[in-house]
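Descriptive analysis of the structure
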Amino acid sequence: MRALLTGIATTLLLLLNTLTLIGPMLLIALLKVVLPGQNLRDACSRGVMWVAEAWAENDKRIFAALIPTHWDIRGGDGMRKDTSYLVISNHQSWVDIPALVQAFNRKAPYFKFFLKKELIWVPFLGLAFWALDYPFMKRYSKAFLEKHPEMKGKDLEITKTACEKFKRLPVTVVNYLEGTRCTPAKQARQGSPYRHLLKPKSGGVAFVLAALGEQLDAILDVTLVYPGNGVPGFWALLSGQVPRVIVDIQTRELDPALWQGDYENDAKFRQSVQGWVNQLWEEKDARIDQLRAELNRNA
């Protein structure tokens, strides 16, 4: 009963926070559409992000007041708000999003996520995502692309267009290299060679690096680990049933060789980027093992 009441109270307060701030956010976003001049539109973009940061900070206060989750944040020292970052993270649950908020809000520029197109229809949040210029991606199966080859590469085109917008202001771009949440069933379907991860895709990150490489200060390599054998759902977090979340941040310097090539047309360069991604994923898989072992020792 206590978990149920906690979940209801947390949900209502999060909803109230969203309803209170989405109005000002959408008003500023609409001004950005109609105002002339790039400087005015950029000022509106900063205003939208300021409101979003206030919304996220209020959510952090709600979590701190109502749920017992310990956010074990490691690394990330020296982050700044006047530069841009690329965040690379494993992806397991909706809980990943508040975990990133806990680690980065008001320490780095506000997030830009690449979202599934269906999320634009989520009440209230879909409008917020639009106001924040989040790119909406449509994913196609191999069978669909075989029948409709003209749709191949559409996601990469959206990535390119989005990154052009990101060039004008400091930004934290979040890229989930797995493309979807990792589950044992998905690992089995794709024959993943990793114990805790799906196979990573290099296309999206390659185009982000190509567009923003010189603007990016560093890669923030995030590893998220939850206690126990399962992955908690969002309701488990809201109802106070997630005792601890590890957010491990490793800051990696950027190698200019990662964006000084033609990913689309140069097979050798494409293999080089994919090799770098695969190495990163092997290290992350081993890091998850280390962090899980620590959780088990302290359980």
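Being a predicted model, the structure only gives us computed values, none of them experimental.

The six strands are arranged 1-8-7-2-6-3 in an open sheet whose pairing can be described as mixed. On the outer flanks of this sheet lie strand 1 (70-74) and strand 3 (111-113), each paired with one strand and no other. Across the sheet, the axes of successive neighbouring strands diverge by a mean angle of 25°, strand direction being ignored. Bridge count between strand 3 and strand 6 (residues 172-175): three bridges; the pairing is parallel. Looking across to strand 6, one finds that Phe113 is bridged to Val174.

Summed over all chains, the structure comprises 15 salt bridges. Between Arg80 and Asp82 there is a salt bridge whose closest N-O contact spans 2.8 Å. A relative accessible area of 38% places Arg80 in the partly exposed class. Across the pair Arg252 and Glu283 runs a salt bridge, and its minimum N-O distance is 2.9 Å. Of this pair, Arg252 sits in strand 8 (residues 244-252) while Glu283 sits in helix 10 (residues 267-298), placing them 31 residues apart in sequence.

With that out of the way, let us pick up the packing of helix 2 (residues 38-66) against helix 3 (residues 96-104). To describe two helices that pack against each other, one gives the angle between their axes and the distance between the axes. Direction vectors running N to C along helix 2 and helix 3 enclose 105°, while the axes themselves pass 10 Å from each other. Judged by the inter-axis angle, helix 2 sits roughly perpendicular to helix 3. Where helix 2 abuts helix 3, its residues Ala56, Lys60 and Phe63 lie against Pro98, Val101 and Gln102.

Rules used in this analysis
Counting of residues starts from 1 at the beginning of each chain's written sequence and follows it residue by residue. Confidence filtering applies because this is a predicted model: local features only for residues at pLDDT of at least 70, side-chain atom pairs given and counted only at 80 or more, and all residues used for totals across whole chains, interfaces and linings. Hydrogens are left out, water is left out, and the side-chain values use all remaining heavy atoms of the structure. Pairs of strands are assigned from DSSP output, requiring at least two bridges between the strands. In this description a helix means any DSSP run of H or I spanning at least four residues, a strand means any run of E spanning at least two, and both kinds are numbered starting from the N terminus. Note on method: axes are straight lines fitted to C-alpha atoms, helices fitted across the in-contact stretch only, with angles between N-to-C directions ranging 0 to 180 degrees. Here, a salt bridge means any Lys or Arg side-chain nitrogen found within 4 Å of an Asp or Glu carboxyl oxygen. A 1.4 Å probe rolled over the protein chains alone gives each residue an accessible area, and that area as a share of the maximum for its type sets the label: buried under 20%, exposed over 50%, partly exposed in between. Orientation labels follow simple angle bins: below 35 degrees gives roughly parallel, above 145 gives roughly antiparallel, 65 to 115 gives roughly perpendicular, and whatever is left gives oblique. The contact rule is simple, with two residues in contact once any of their heavy atoms fall within 4.5 Å.

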